Amino acid sequence: MSTPTTTEQDNLQSRLPDPIQFFPELAAFAGALSKATQNGAIPQTTIHLVQLRAGQIVGSTYHTVRQTGELRDVGETDERITAVASWQDAPYFTDAERVALELVEAVLTPNPFGERVPDELYAKAAAHYDDQALWTLTLAVGQICFFIPVALIAKPIPGEALGKNYSR
């Protein structure tokens, strides 16, 4: 399998048009979620790492490319970005980042034997984050989970700026 050439990438089309034309209130909703997760309770880098991992888990090229770009924009190293997929044994993450990554995996991975987020995992998260930070992390996971079906069904164009990521 080859990487698309610039010409092929220039010809990418979304499946659906921009939803804002049908649901203008979606912009305010998305903005409110972003504002809520940017409250300073946890580093934005952690939010982007969590959302990158979510994109990887669900197989969303759009979210993986978008969050990789966000991480690069804030100065993250390629080592940390590429190691998100194998964070469990990568030496690049803090304990707080690790528990955040573990939490998003628990939320998005079915557990046939019990709760997805067991008390032990919650206790690990609570050891690193206060109530506001835990809510911020929860909203960050919810934010990416809201937009996962958009990415998987509508297929916005990866790497394009918001508002320019739909072809029709």
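Located above this text is the structure these notes cover.
Computed from a prediction, not measured in an experiment: that's the story for all the values here.

1. Here's the deal with the side chain of Gln 143
Here comes step 1: In this structure, Gln 143 sits in helix 8 (residues 131-154).
Here comes step 2: Taking the relative accessible area as the measure of exposure, Gln 143 reaches 10% and is therefore buried.
Here comes step 3: The residues touching Gln 143, leaving out its near neighbours within four places in the chain, are Ala 30, Leu 33, Ser 34, Thr 37 and Gln 51.

2. Thoughts on the packing of helix 3 (residues 44-58) against helix 8
Here comes step 1: Packing of helix 3 against helix 8 leaves a shortest axis separation of 10 Å and a crossing angle of 35°. For the pair helix 3 and helix 8, the sense of crossing is right-handed. In this structure, helix 3 uses Ile 47, Val 50, Gln 51, Ala 54 and Val 58 to contact helix 8, whose residues at the interface are Thr 136, Leu 137, Ala 140, Val 141, Gln 143, Ile 144, Ile 148 and Leu 152.

3. A look at a nonpolar patch on the surface
Here comes step 1: On the surface, Leu 16, Leu 152 and Ile 153 cluster together into a nonpolar patch covering about 260 Å² of accessible area.
Here comes step 2: With respect to the helices, strands and loops of the structure, Ile 153 is situated in helix 8.
Here comes step 3: With a relative accessible area of 54%, Ile 153 lands in the exposed category.

4. Brief notes about the packing of aromatic side chains
Here comes step 1: Within the structure shown, the criterion is met by three aromatic pairs.
Here comes step 2: Here the aromatic rings of Phe 146 and Phe 147 are separated by 4.9 Å at their centres, their planes lie at 85°, and the arrangement is edge-to-face.
Here comes step 3: Each member of the aromatic cluster is reached from another via a ring pair, and the members are Phe 29, Phe 146 and Phe 147.

5. Here we look at the layout of surface pockets
Here comes step 1: Its boundaries defined by the atoms lining it, the largest pocket holds a volume of some 610 Å³.
Here comes step 2: Lining the largest pocket are 29 residues, and of these Ala 30, Tyr 62, Arg 66, Phe 147 and Leu 162 sit closest to its centre.
Here comes step 3: Of all the elements in the fold, those that place two or more residues in the lining of the largest pocket are helix 2 (25-37), helix 3, helix 4 (61-73) and helix 8.
Here comes step 4: Looking at the lining of the largest pocket element by element, the count peaks at six residues for helix 2.
Here comes step 5: Here the lining of the largest pocket is composed, by residue class, of 14 nonpolar, 12 polar and three charged.

6. As for the nonpolar core
Here comes step 1: Among the nonpolar cores identified, the biggest contains 20 residues, and Ile 42, Val 50, Val 104, Tyr 129 and Leu 137 are the most heavily contacted of them.
Here comes step 2: At the level of secondary structure, the elements contributing two or more residues to this core comprise helix 3, helix 6 (95-108), helix 7 (119-128) and helix 8.
Here comes step 3: Of the residues forming this core, the biggest block, seven residues, is contributed by helix 8.
Here comes step 4: In this view, Val 104 contacts Val 50, Arg 53, Ala 54, Ile 57 and Val 141; residues no more than four positions away in its chain are not counted.
Here comes step 5: Of all hydrophobic cores here, the second largest spans 10 residues; its members include Leu 52, Ile 81, Trp 87 and Ala 90.

Cut-offs applied
Residues numbered from 1 in each chain as written. Predicted model: local features only at pLDDT ≥ 70, side-chain atom pairs only at ≥ 80, totals over all residues. Heavy atoms only, no water. Helix = DSSP H or I, 4+ residues; strand = E, 2+ residues; numbered from the N terminus. Buried < 20%, exposed > 50% of the residue type's maximum accessible area, 1.4 Å probe, protein only. Contact = heavy atoms within 4.5 Å. Axes fitted to C-alpha atoms, helices over the stretch in contact; angles between N-to-C directions. Left-handed = near helix turned anticlockwise from the far one by under 90°. Patch = residues over 30% accessible without salt bridge, like charges linked within 9 Å, V, L, I, M, F, W, Y side chains within 5 Å. Areas by Shrake-Rupley, 256 points an atom, 1.4 Å probe, with all protein chains shown as cover. Salt bridge = Lys/Arg side-chain N within 4 Å of Asp/Glu carboxyl O. Phe/Tyr/Trp six-rings, centres within 6.5 Å; stacked < 30°, edge-to-face > 60°. 1 Å grid on protein atoms, 1.4 Å probe; cavity = no way out; pocket = protein on both sides within 12 Å on 5 of 7 lines; lining within 4 Å. Points joined across faces, edges and corners; volume = space filled by probe spheres on them. Nonpolar A, V, L, I, M, F, W, Y, C, P; charged D, E, K, R; others polar. Core = buried A, V, L, I, M, F, W, Y, C linked by side-chain atoms within 4.5 Å.

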